[in-house]
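Coordinate analysis (summary)
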Amino acid sequence: MPTERQGFWWLGEATLAVGGVLLLLAVFFTPALSGERVLYAADFSGSDLLEMNIPRRHLAAEAIRQGHLPHWTPLLGNGYPLLAEGQSGVFYPTTLPFFLALPLPLATNLTLLSTLAIALLGSYFLARVHGARPAAAAVSALAYGLGAVMVLRLKHLNLVQVISWLPASLACLELFLGSGRRVWALAAALIWTLQILAGHPHAAGLCALGVLLYSWTRMASGQVHRPARAAWTLIGAGLLSLLMSAIQWLPTAELLQVSLRGRAFTWQEASAYPFRPVDLLRLVHPFAGGNPANATLPLDRIAETGVFWESNPYVGLVPLLLVLAVPFLRRERQTAWLMGSAALCLALALGRFGGLYWLLWQFLPGFSLFRFPARFLILFSAYAALLAGLGAEGLLKRMAPPRARLVGGVLVALTALDLFRMNAAYTGYLPSEWFNPPATVAEVTDHPGRISTPTADQTWQRTWLLAGGWKGQSDLLLAHRAVLAPDASAHWGVAHHSDRILQEGGIELLEYAALQRRFREGMVPLSQSVALKPESIRLLERQNVSVLLSFFPLVGPTLDLLGTHQADARLPGPVFMYRTRAPVPRVRLVGQALPVGPDRAQGLDRLASSSFDPSGSTLLEVDRAEGPFSSGRARLLQDDGWAQEIEVDSARGGFLVVLDNWHPAWRASIDGVSTPVLRADVAFRAVRVPPGRHVARFWFESQAFCWGSRLSLAAWVGWMALLFLSLRACRGTLKKPESRSRMGRRTIERDGNRE
């Protein structure tokens, strides 16, 4: 183990490794380097990458440019707590530097490539720490960093940012358990912090399970000196990482309290989208069953047949053969433990087909909050990649040095070529003009209010099939953006009543999600069009929606056709644009408050009813509202996203209603005097205003964020102090290794004797 050999010699190898990784990525992703084309991979209803992750980072960067944190955006889903949700990755170290300083296409590409670089380097050094020579470690790095676990999931940016750090985390863990030096525990704490800040709680929790499993197997192998002390140190490092990242997870926890994801999944929900036994064929062929990149993968019944990118364990044929051979090539106790861990993760990934996942779901606290058993393939891939490196080392160790160098080079080349083939068959590119506003933006901005695109996900599927996937006629996918689907609409400053997280099962506000579900219940597919029931149209109008866009003709009694836009003659039809007749203003002052109880369904019934007149009344969750009140005038003076100033004028007072989502962090004042924020019209917010002319102010003030930022600041100071003390304790012990061949050998016996 290189615990005492971290001097300039290791720095030189690290420099060479970084250079090799950059060169490798330049070869694999050459079109992404110029910024004229943007990396693209999609889902079955659009692209999480370009239609969710990147728009949210763009909004975060824009908020910073305006001088405030992106606590809230009014452009998505009737207003949304952008920072708390996490997928904007505000505090992740590459987000703001890239998206503030670079054009969007280049920022997107570099974000993805830097994520792959972290995975490659971490996997390389994890294998080196376990005693693999550079060629063997390179096989391990390729198997994880450019295998299916990373490349096929690039569309899930936050997820791959979290799991890219997993190998580096395990390397620091191994170094700490082998040497007992706290500096490696502190390095692990830093990595765990970055994983949490990346903004994907499920992936971070999964990696935490991987760390626990790895720690347990290492201690169970009997090779850890003073295991109890090591365990307590790691627990302290874990708590420290939670404190360092509290600025992100505390606001997320606050959001979960009023979100759909604050509840446990049922077994049916948790076990949907399975990794089936037949999918084990993808260990030898990544596209067994089809490839979504060329539209050869069936779309129907994915809840039963699984999701391609979640259910793909491909690490390369050469690494797979080395994994199978490692019990014969490297007969060590820890190799057996690693093999057992990989098998365990594979069994868990099988979900309801394996039985073991059900036991964890049933008895492990917090486990039922997560879904996608197939994501245990992430841990399997990390173990398999490490085992491949150890297998390669065991093979090369049996050869004379000249032959070992030749065979090692061949193993690396074959693995790289195999994974290059997979990458070339899957990863797509779109022109950078994706980020330029389509012509429909100018047409909808003439109408104040939000937009709705009720059929965008269905028409994307048709476009995907017509184009032959994103590796086919990708310009058709470019043309489809003319429908202004969420969250891509945020790129161009167009406010949308929906957002992509809703259809992807993310962290959504309860009342908002119920409102959108009720709206969609009123959509009736016809042979060549989609009918909207009057109740659904009224719900749109009462969310400040003034324009609808669809590639399907929409039929509704109170929809007026504004015009059409031909995005591409090869598409089934033009973009139809419709106007609602009575959109409710985003801010209004009403004189009547109609009390409704906490029954959400009853409130939605009244909101959608034709008897409810939003021009003079609102629905409030109060027992009664004393009057008399009167309607009046409300004028928006300032809107910074997280703060608003509204001038109101009413003869007898009334209720100021803002059609932005309610959230417990909203605060309000009237002429500087604090006033409570009420929930209005099921999902929105209101305040009571006195008679006369006044200025009402709303601002977003999350106590969770305030406490989180204080805890994080104190924890970062503590981490730096501990790091300084640990480095002082290590000073003078770093030296060059005696020979390159002994680089990765363990020194646990020497450390034990010294103790």
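For the structure itself, consult the block above.
Our subject in this report is the structure included herewith. Within any chain, residue numbers begin from 1 and follow the written order of that chain's sequence. pLDDT decides what is reported in this predicted model: residues at 70 or higher carry local features, side-chain atom pairs at 80 or more are listed and counted, and totals for whole chains, interfaces and linings draw on all residues regardless. Derived side-chain values reflect all non-hydrogen atoms in the structure, with water molecules and hydrogen atoms excluded from consideration.

It is worth spelling out empty space enclosed by the protein at this point. A probe matching the size of a water molecule, rolled over the atoms, marks out where space remains unfilled. Grid points spaced at 1 Å and placed over the protein atoms alone form the basis of the search, with a cavity being a set where a 1.4 Å probe fits but cannot get out and a pocket an open set showing protein on both sides within 12 Å along at least five of seven lines. Lining residues have an atom within 4 Å of a point. Grid points are joined across faces, edges and corners, and a volume is the space filled by probe spheres set on the points. With the rule as written, the count across this model stands at five cavities of 30 Å³ or more. Taken as a whole, the largest cavity encloses approximately 170 Å³ of empty space. Contributing to the lining of the largest cavity are 21 residues, with Thr453, Ala456, Pro486, Gln503 and Arg520 lying nearest its centre. A helix here means a DSSP run of H or I that spans at least four residues, while a strand means a run of E at least two residues long, and both kinds are numbered starting from the N terminus. Elements with a minimum of two residues in the lining of the largest cavity: α22 (456-467), α24 (500-504) and α25 (510-521).

Every helix has an expected span of 1.5 Å times one less than the residues it contains. Its 14 residues place the ends of helix α9 (residues 166-179) 20 Å apart at the C-alpha level, agreeing with the 20 Å of an ideal helix rising 1.5 Å per residue. The rule is simple: take the accessible area with a 1.4 Å probe, protein chains only, and divide by the maximum for that residue type; under 20% is buried, over 50% is exposed, in between is partly exposed. The element α9 is extensively covered by neighbouring structure, given that 14 of its 14 residues are classed as buried. Where α9 terminates, the next one or two residues include Gly180, which has phi positive at roughly 80°.

Looking now at the nonpolar core. Membership of the largest hydrophobic core comes to 151 residues, with the highest contact counts inside it found for Phe29, Leu50, Tyr144, Leu146, Ile163, Tyr426 and Trp470. Every residue pair with non-hydrogen atoms within 4.5 Å of one another is taken to be in contact. Discounting chain neighbours no more than four positions away, the residues touching Tyr144 are Ala119, Ser123, Val149, Met150, Ile163, Leu166, Pro167, Ile378, Ser381, Ala382 and Ala385. For the purposes of this section, nonpolar cores are sets of buried Ala, Val, Leu, Ile, Met, Phe, Trp, Tyr and Cys residues that join through side-chain atoms within 4.5 Å.

With that settled, consider the pattern of salt bridges. For salt bridges, the criterion is a side-chain nitrogen of Lys or Arg within 4 Å of an Asp or Glu carboxyl oxygen. If you walk through the whole model with that rule in mind, you get 34 salt bridges. Between Glu174 and Arg218 there is a salt bridge whose closest N-O contact spans 2.7 Å. In this pair, Glu174 is assigned in helix α9 and Arg218 in helix α11 (residues 201-220), connecting sequence segments 44 residues apart. The exposure class of Glu174 is buried, given its relative accessible area of 0%. Overall, Arg218 belongs to the buried group, its relative accessible area being 2%. Salt-bridge contacts for Arg588 lead to Asp681; the nearest nitrogen and oxygen are separated by 2.8 Å. In this pair, Arg588 is assigned in strand β10 (residues 587-590) and Asp681 in the loop between β18 (678-680) and β19 (684-689), connecting sequence segments 93 residues apart. Taking the relative accessible area as the measure of exposure, Asp681 reaches 2% and is therefore buried. Here the salt bridges share partners, and the residues they tie into one network are Arg450, Arg586, Asp639, Asp660 and Arg685.

Moving on, we get to a nonpolar patch on the surface. On the surface, a nonpolar cluster with roughly 530 Å² of combined accessible area is contributed by Trp232, Ile235, Leu239, Leu242 and Trp249. Along the polypeptide, Trp232 turns up in helix α12 (residues 227-244). In this scheme, patches are assembled from residues that exceed 30% relative accessible area and form no salt bridge. Like charges are connected within 9 Å, while nonpolar side chains (Val, Leu, Ile, Met, Phe, Trp, Tyr) are connected within 5 Å. Method for areas: the Shrake-Rupley scheme with a 1.4 Å probe, in which residue coverage is limited to the protein chains shown.

Our next topic: the packing of helix α6 (residues 134-145) against helix α20 (residues 401-426). Axis definition: a line fit to C-alpha positions, over the contact stretch in the case of helices; interaxial angles, taken between N-to-C directions, run 0 to 180 degrees. Running from N to C, α6 and α20 cross one another at 10°; their axes reach a closest spacing of 9 Å. For the element pair α6 / α20, the angle class is roughly parallel. Counting all contacts with α6, which are made through Ala135, Ala138, Val139, Leu142 and Ala143, the residues of α20 involved are Gly408, Leu411, Val412, Thr415, Ala416 and Leu419. Classes in brief: Ala, Val, Leu, Ile, Met, Phe, Trp, Tyr, Cys and Pro nonpolar; Asp, Glu, Lys and Arg charged; the others, Gly included, polar. Classifying every residue of the contact of α6 with α20 by side-chain character gives nine nonpolar, two polar and no charged. Throughout, the term roughly parallel applies to angles under 35 degrees, roughly antiparallel to angles over 145, roughly perpendicular to angles from 65 to 115, and oblique to all others.

Strands pair, by our definition, only if DSSP identifies at least two bridges between them. An order of β4-β5-β7 is seen for the three strands of this open sheet, with the pairing classed as mixed. Edge positions in the sheet fall to β4 (523-525) and β7 (554-555), since each of these pairs with one other strand and no more.

End to end, helix α28 (residues 703-730) covers 40 Å across 28 residues, agreeing with the expected 40 Å (1.5 Å per residue, within 8%). When we look at burial in α28, the residues that qualify are Ala704, Phe705, Gly708, Ser712, Ala715, Trp719, Ser726 and Cys730. In the core, the buried residues of α28 are packed alongside α3 (82-85), α10 (182-197), α12 and α13 (246-256). Where α28 begins, the side chain of Ser702 points an oxygen toward the backbone nitrogen of Ala704, at a separation of 3.4 Å. Any N or O atom pair separated by 3.5 Å or less is treated as a polar contact, with the protein-specific requirement of one donor-capable and one acceptor-capable atom, and with residues adjacent in sequence counted only for side-chain atom pairs.

Note that the residue after Pro486, namely Asp487, is joined by a cis bond; omega there is 0°. For Asp487, the position within the fold is in the loop between α23 (474-480) and α24. A positive phi angle, near 50°, is found at Arg226, a position not held by glycine. Turning to its location among the elements, Arg226 is positioned in the loop between α11 and α12. A relative accessible area of 41% means that Arg226 is categorised as partly exposed. Residue Leu484 is not a glycine yet carries a positive backbone phi of 60°.

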